[in-house]
Amino acid sequence: MGLRTGIRTGLIAAIVTIFLILIGVHMLMGRLLQSWFYVPAHWPGVWLMVVLLGLWAGSRAVSQMKARSWGNALLAGASAGFVQGALVGAALYLLASITQAGVDLRAWLTQMSKESIGALTLGFAPLPAAGFIGGVLLVSAMAGAAWREWRLRVHAARLARGERIVSLRERLLGIPAVAQVSSNPLSRRVLMGVFMVLLLIAPFFLSQYWNYNLGTVGIYVILGLGLNIVVGMAGLLDLGYVAFFAVGAYTMALLTAPQPHHIQMSFWLALPIGVLLAAIAGILLGIPVLRMRGDYLAIVTLGFGEIIRILSKSDVLTGFTGGPRGVRNVGHPVLFGKDVGNEFYFFYFILIGVILAIIITRRLEHSRVGRAWRAMREDEKVAQAMGIYTLKYKLMAFAMGAALAGFSGAIFASRNSFTGPEDFVLLVSINVLALVIVGGMGSIPGVILGAFVLKGLPEILRELEDYRVLVFGALLVVMMIVRPQGLWPASRPQLERPRPGEEALEEAPAELVEGEVGS
């Protein structure tokens with residue numbers, strides 16, 4: 001069992017290791033370690049990555065085993081490390097031999113420079129270098145397997161002694177200061193007040209670049225809260241959500257820009273019109289798809305989003321929407337005669353929009369409408385049987401979600417002073433849906449957290465240059481495997497009440513209950 005599991009894990013680990021080497025991740029890690037910790041050369045970072053991959057292979061092999069013993073664990077780790085080391089060593093031998101023959105591999109693999117391969121061979125000939133990296137991976141995998149087996153045995157021993165395994169959340173809540181804040185409403189309000197103050201003064205200390213990025217995160221928070229109503233609460237899968245975002249943005253652009261219609265309306269008048277038109281678009285979309293569910297609904301909404309994007313690019317409508325060139329010089333908000341259209345002021349506009357969206361969503365969530373949406377999400381037929389008029393509540397969900405998307409689209413167009421068809425591609429809908437799923441469907445804090453992870457994290461990872469999207473995607477995959485319910489899942493309300501007899505039994509002393517049962 002241990003041998004077969006180890007070989008299978010070693011094959012997977014070898015493919016991952018070779019792939020990372022071919023795209024140059026080992027050199028990136030070496031450079032990061034060199035710059036962050038002032039290491040004199042980049043090879044320590046390169047080999048740190050190799051060791052970590054070996055440890056992961058051994059640990060993974062042991063975690064896949066069903067029968068527990070030290071012999072099986074070491075056998076699984078050794079076989080995983082041997083397979084991984086042999087394949088990676090063979091690949092390194094091949095690459096080093098070709099480079100030694102004078103062939104420049106960068107014509108096919110742009111990251112495979114002499115420096116990149118030299119960091120792995122450490123100046124040795126191809127064959128000794130291949131043997132050395134194979135040996136390092138073998139030893140690392142066995143160490144990873146031993147560590148994993150020890151961890152599993154410690155865990156099993158604690159369970160056998162009857163000890164309760166405390167989760168990370170329970171550990172955090174066990175800290176006296178955290179427990180006091182979580183149990184005391186006044187402390188929570190004070191903490192929220194401090195957080196708001198920090199948020200309000202943040203633009204004064206941040207650069208224009210970070211103010212812009214925080215504003216973008218805020219726009220996606222509003223978008224996510226709107227889609228959370230449609231998908232998370234009502235259970236209607238909408239893949240064309242970007243269409244309502246486009247309606248709001250184009251309404252703001254066409255009503256406030258000097259071209260192409262010369263209307264130049266005030267920002268404050270165009271904003272509610274954009275929200276209203278987006279809500280109407282949501283109702284118009286909702287009417288024909290009322291009886292659709294699941295995949296069929298997703299396909300229809302996806303088509304609607306693409307229709308809006310293609311129409312905005314169409315030459316036929318160039319005179320109305322600006323066509324592929326888009327609309328420039330979109331109007332900014334003016335307060336007391338002063339133009340407040342830079343990133344600094346827009347941060348506050350977006351913050352107010354986020355707070356309003358949270359209040360609206362929270363009020364809806366705990367209202368009769370929110371309960372009807374949750375009932376539809378759980379089982380539409382049962383909801384109908386309970387007297388819920390599902391067609392009406394579906395239209396309300398589409399309209400509310402679309403209104404929030406139109407609001408964020410109007411602010412987006414005004415902040416950028418431009419809007420065009422390329423701002424409303426399918427990827428925007430996918431990103432918003434992803435942040436709702438990653439954060440936790442139906443959860444307001446989860447949507448906010450998801451927006452920071454999906455829109456803020458790529459900017460923080462910008463130092464990783466070309467690899468930031470790869471790292472970001474890998475983090476998403478790991479997160480969905482480890483925590484599929486989302487970063488901050490919604491708490492499911494306990495709607496079922498105990499029957500009167502059951503309630504009395506629960507409150508009665510155990511001896512009395514046993515006596516009654518016995519008699």
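It should be noted that the structure appears before, not after, this text.
Novice: Mind showing me how you'd approach the packing of aromatic side chains here?
Specialist: Describing an aromatic ring pair means giving the distance of the ring centres and the angle of the ring planes. Tallied over the entire structure, the rule returns 14 aromatic pairs. Taking 5.8 Å as the distance between ring centres and 40 degrees as the angle between the ring planes, the aromatic pair formed by Phe244 and Phe304 counts as tilted. Taken together, the residues span a long stretch of sequence, with Phe244 in helix H11 (residues 242-256) and Phe304 in helix H13 (residues 294-313) at a distance of 60 residues. Each ring, one from Phe347 and one from Tyr348, has its centre 5.6 Å from the other, and the planes form 85 degrees; the classification is edge-to-face. Ring-pair connections join several aromatic residues into one group, and the members of that group are Phe204, Phe344, Tyr345, Phe347 and Tyr348. One residue, Arg415, lies across the ring of Tyr212, its end atom 3.9 Å from the ring centre.

Novice: Explain the side chain of Thr390 to me, please; I cannot follow it from the model alone.
Specialist: With respect to the helices and strands, Thr390 occurs in helix H18 (residues 390-416). If sequence neighbours within four positions are ignored, Thr390 has contacts with Met376, Glu380, Ala383 and Gln384.

Novice: What's the story with the environment of Asn184 in this structure? I'm lost.
Specialist: With respect to the secondary-structure elements, Asn184 resides in the loop between helix H8 (176-183) and helix H9 (185-205). Along the primary structure Asn184 and Gly401 are separated by 217 residues, whereas in three dimensions their C-alpha atoms are 34 Å apart.

Novice: Would you mind showing me how to read the pattern of salt bridges here?
Specialist: When their charged atoms lie close together, side chains carrying opposite charge are able to pair. Per the stated rule, a full pass over the model turns up six salt bridges. Measuring nitrogen to oxygen at the nearest pair gives 3.2 Å for the salt bridge that ties Arg106 to Asp104. On the basis of relative accessible area, Arg106 is assigned to the partly exposed category, the value being 44%. For Arg377, the salt bridge is made with Glu378, and the minimal N-O distance between the two is 3.2 Å.

Novice: Explain the packing of helix H10 (residues 208-233) against H18 here, please?
Specialist: Their axes nearest at 7 Å, the elements H10 and H18 cross at an angle of 165 degrees. One way to sum up the angle between H10 and H18 is to call them roughly antiparallel. For the pair H10 and H18, the crossing hand works out as left-handed. Contacts between H10 and H18 involve Tyr212, Gly215, Thr216, Ile219, Ile222, Leu223, Leu225, Gly226, Ile229 and Val230 from the first element and Ala397, Phe398, Met400, Gly401, Leu404, Ala405, Phe407, Ser408, Phe412, Arg415 and Asn416 from the second. In the contact of H10 with H18, the residues fall into 14 nonpolar, six polar and one charged.

The rules we used
- Residues numbered from 1 in each chain as written.
- Predicted model: local features only at pLDDT ≥ 70, side-chain atom pairs only at ≥ 80, totals over all residues.
- Heavy atoms only, no water.
- Phe/Tyr/Trp six-rings, centres within 6.5 Å; stacked < 30°, edge-to-face > 60°.
- Helix = DSSP H or I, 4+ residues; strand = E, 2+ residues; numbered from the N terminus.
- Lys NZ or Arg CZ within 6 Å of the ring centre and 35° of its normal.
- Contact = heavy atoms within 4.5 Å.
- Salt bridge = Lys/Arg side-chain N within 4 Å of Asp/Glu carboxyl O.
- Buried < 20%, exposed > 50% of the residue type's maximum accessible area, 1.4 Å probe, protein only.
- Axes fitted to C-alpha atoms, helices over the stretch in contact; angles between N-to-C directions.
- Parallel < 35°, antiparallel > 145°, perpendicular 65-115°, else oblique.
- Left-handed = near helix turned anticlockwise from the far one by under 90°.
- Nonpolar A, V, L, I, M, F, W, Y, C, P; charged D, E, K, R; others polar.

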